[in-house]
Amino acid sequence: MVFDLIIQNGSIVTPQSTSRNDIGIIAGKIAVVGNLDGSEAKERYNAAGKYVFSGFIDEHVHSRDPGLTRKEDFTHSTMSAAAGGVTTILEMPNSIPPVKDAASFHARAHVLESKAYVDFGLWGMVLGDYNRKDLPELAEAGVIGFKFFWGYALDKKTFALIYNFSASDDVRMPPDEGEIYDAFQVIGQLHKPVAIHAENSHVITRLTIHELAAGNVDYASFLRSRPSYSEAMTIQSGIFLAKAAGVHLHIVHISSGEGVELIKEARRKGLPITGETCPHYLVLSDEDYPRVTGNMKIYPPVREKHHQNQLWEGIQCGAIQTIGSDHAPHEEKEKKGDIWSVPAGACGVQTLVPLMLNAAAQGRVSLNQVAALLSENPARIWGMYGQKGTLLAGADADITIVDMNVNRTLRKEELFSKNKINPFEGMNVQGTPIAAFVRGIQIMENGKLISGPIGRLIKPSTSCQAQW
Ligand code: NCD
Ligand code: ZN
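In this text, all values refer to a predicted model and were calculated from it rather than measured experimentally. Numbers given to residues run from 1 along each chain, matching the order in which its sequence is written. Here the convention is simple: chains get letters from A, ligands get numbers from 1, in the order in which they are written. Local features are withheld for residues below a pLDDT of 70 in this predicted model, meaning they are given only at 70 or higher, and side-chain atom pairs are given and counted only at 80 or more; totals for whole chains, interfaces and linings count all residues. To get the side-chain values, take all heavy atoms of the structure and skip hydrogens and water.

Caption draft 1: Molecular detail of the overall build of the chain. On a plain count of helices and strands, the chain comes out with 13 helices and 20 strands. Rg of the C-alpha trace for the chain: 21 Å, near the compact-globule value of 23 Å for 468 residues, within the 12% margin. On the principal axes, the C-alpha backbone points of the chain span a range of 75 × 45 × 45 Å. Three exposure classes are used, based on accessible area relative to the maximum for each residue type with a 1.4 Å probe and protein chains only: buried under 20%, partly exposed in between, and exposed over 50%. Split into buried and exposed, the 468 residues of the chain put 62% on the buried side. The criterion used for residue contact is that any of the two residues' heavy atoms lie within 4.5 Å. The long-range fraction of contacts in the chain, counting pairs at least 24 apart against all pairs at least 6 apart in sequence, stands at 74%. If you sum the accessible surface of the chain, you get close to 16600 Å²; carbon and sulfur atoms cover 51% of it. Asp and Glu count as negative and Lys and Arg as positive, but His and the ends of the chain are not part of the count. Just so you know, the charge point we use is NZ for Lys, CZ for Arg, CG for Asp and CD for Glu. Positive and negative side-chain charges in the chain, numbering 45 and 51 respectively, have mean positions lying 1 Å apart. For helices the rule is a DSSP run of H or I covering at least 4 residues; for strands it is a run of E covering at least 2, with both sets numbered from the N terminus onward. We take the radius of gyration over the C-alpha atoms and set the globule estimate at 2.2 Å times the residue count to the 0.38 power. Note that accessible areas follow from Shrake-Rupley with a 1.4 Å probe, and for residues the cover is restricted to the protein chains shown.

Here is the structure:
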């Protein structure tokens, strides 16, 4: 047997173990993991002294394409992913138009496939009664799951998220719980997971009005306007409705200790509830605001330090299964202004892996946990496990190679995103991805891109219900 490529002498990291081994690749698939001394190969990659992971998956990316490409586009977001050691992204549906029916799914898939530097899956958007009847065809078309932006009012014409609600806006108010129940019922029957942005818009709108009336402009007032209980209230409602509808609920970007507790409790009861948090909630707190300013305005907000600690505990106790970046760029000029007027969101796809490797270097998590959080778990939840998320024979040869001896400073100039707004500027990290392969093709070497846009649309092949 002649391999197309052998990745040799690396330490292979899976959620279960770390071991010295070689990986033999044929026709874009992993053929053998084992000792391949003496085997023939057309190409070799020497991974001696490095760690070899199943390619990392960022399940939470907003590439803004089509519709808001002045902020970001798929070329730049997937280049950013590749440079940061991410080999698959799951693309959020809040483009303009949103991915709300089969026609918009196919149109978007077509546009994005020509630009993708990494493989990608697409989320479908839940718009309550407006598209409930279209959810079955969206599932059929191949969405990985459904996203409900609970807590956001939407632009009436474009369905774009309204970041800073004002009474004069021409908006579509968030659906009520009854409408959400009906949507969850449909999704449950489709055997797809539904993910929620969890914030209670009614509470937040009131509290924001109070803070504005008092003339407050500091970060503490912003935090008071979006308290942790407003996240917990929505998570709690979501858990009850998901239980009633028999749907797998995934809570994205958990930012609070209360959120962790609710998910822990629901999972203890055996409910199919999973959770994601993001690097910004794990490495930043309100104390960083004076330094980072508007680049730290992200929904839900980065909170006080004790939430950060509870989120780390949530990872350790299994309440949180995945880490997504919530890559959500805006134009640099839009992010200048007071805390109430700038849009929420920042870049993250390129810094996701380095920040989690740094956490491993600091002993916050093990490298095996990084393999679970950033590869196996999202692959399982989103129905891709077997093709993605594993180094078992037969899987796509998506591989990220990591050097834990590299110490570097995160610099915005290195980001491939169109706008490089991010809250991690100047942070020092130990450990970095130094090479990435998608289906056996090397796409990145030392942070440089070395292939064209070879990414493909990936559709889920397994039902999450059996997998989570
Ligand atoms: C996201 C965006 O801009 O698309 N912004 C954010 O602050 N997280 C939307 C979202 O995920 O809520
Ligand atoms: Zn969100």
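Caption draft 2: Region of interest: the nonpolar core. Definition used in this section: a nonpolar core is a set of buried Ala, Val, Leu, Ile, Met, Phe, Trp, Tyr and Cys residues joined via side-chain atoms within 4.5 Å. Ranked by internal contacts, the top residues of the largest apolar core, which has 108 residues, are Ile89, Phe146, Phe184, Leu249 and Ile251. Per element, the largest residue contribution to this core is 7 residues, and it comes from helix H12 (residues 352-361). Segmentation of the chain into domains, including their bounds, is taken from an automatic or database domain assignment. When we break this core down by domain, the ones giving at least three residues each are domain 1 (2-51 + 396-449) and domain 2 (56-381). Filtering out sequence-adjacent residues up to four positions away, isoleucine 251 remains in contact with Ile196, Ala198, Ile235, Ile263, Ile273, Thr274, Gly275 and Glu276. Core analysis: the second largest hydrophobic core is formed by 16 residues, Ile12, Ile30, Tyr45 and Ile399 among them.

Caption draft 3: Expanded view of the coordination of the zinc ion (ligand 2). The coordination sphere of the zinc ion (ligand 2) contains the protein donors His197 (ND1) and His253 (NE2), at a distance range of 2.1 Å. Classification of the site at the zinc ion (ligand 2) rests on its 4 donor atoms, whose angles at the metal span 57 to 143°, yielding the label irregular. Placement of histidine 197 in strand E13 (residues 194-198) and of histidine 253 in the loop between strand E14 (249-251) and helix H8 (257-268) is noted, with a sequence separation of 56 residues between them. On the basis of relative accessibility, which here comes to 2%, the residue histidine 253 falls in the buried class. Think of the donor list as every N, O and S atom within 2.8 Å of the metal, or within 3.2 Å for Na, K and Ca; water never makes the list, so a site can look incomplete. Here a site with four donors is tetrahedral if all angles are between 85 and 135 degrees, and a site with four or six donors is square planar or octahedral if opposite donors are over 155 degrees apart and the other angles are between 65 and 115; anything else gets the irregular label.

Caption draft 4: Representation of the environment of glycine 345 within the structure. Turning to its location among the elements, glycine 345 is positioned in the loop between strand E16 (322-323) and H12. Taking C-alpha positions, glycine 345 is 12 Å from leucine 161, a pair spaced 184 residues apart along the chain. Not counting chain neighbours up to four residues away, the residues in contact with glycine 345 comprise Lys297, Ile298, Ala328, His330, Lys335 and Ile421.

Caption draft 5: Geometry of the site of ligand 1. Residues are classed as near a molecule or strand on a simple rule: at least one heavy atom within 4 Å of it. Of all residues adjacent to ligand 1, which total 16 residues, the nearest are Arg64, Tyr152, Tyr163, Tyr299 and Asp326. Definition of a polar contact: a pair of N or O atoms within 3.5 Å, with one able to donate and the other able to accept a hydrogen when the atoms are protein atoms, and with sequence-neighbouring residues admitted only if both atoms are side-chain atoms. Between ligand 1 and histidine 62, the relevant distance is 3.1 Å, taken from an oxygen atom to a side-chain nitrogen or oxygen of the residue. Within the backbone of tyrosine 299, an N or O atom sits 2.9 Å from an oxygen atom of ligand 1. Residues are grouped as follows: Ala, Val, Leu, Ile, Met, Phe, Trp, Tyr, Cys and Pro are nonpolar; Asp, Glu, Lys and Arg are charged; all remaining types, including Gly, are polar. Counted by class, the shell around ligand 1 contains 7 nonpolar, 7 polar and 2 charged residues.

Caption draft 6: Quick peek at the sheet that holds E14. What makes two strands pair is DSSP finding at least two bridges between them. Within the open sheet, the 6 strands sit side by side as E9-E10-E13-E14-E15-E16. Their pairing is parallel. The open sheet has two edge strands with one neighbour each: strand E9 (124-125) and E16.

Caption draft 7: Molecular detail of the sheet that holds strand E6 (residues 56-61). One open sheet holds the 3 strands; their spatial order is E6-E7-E8, and the pairing between them is parallel. Looking at which strands have only one partner, the edges of the open sheet turn out to be E6 and strand E8 (119-122). The sheet shows a mean angle of 20° between the axes of neighbouring strands, direction not considered. The pairing of strand E7 (residues 86-91) with E8 spans 4 bridges and is classified as parallel. Looking at E8, one finds that threonine 88 is bridged to aspartate 119. Think of each axis as a best-fit line through the C-alpha atoms, taken over the contacting stretch in the case of a helix, with angles from 0 to 180 degrees between the N-to-C directions.

Just geometry here; none of it tells us what the structure is for.
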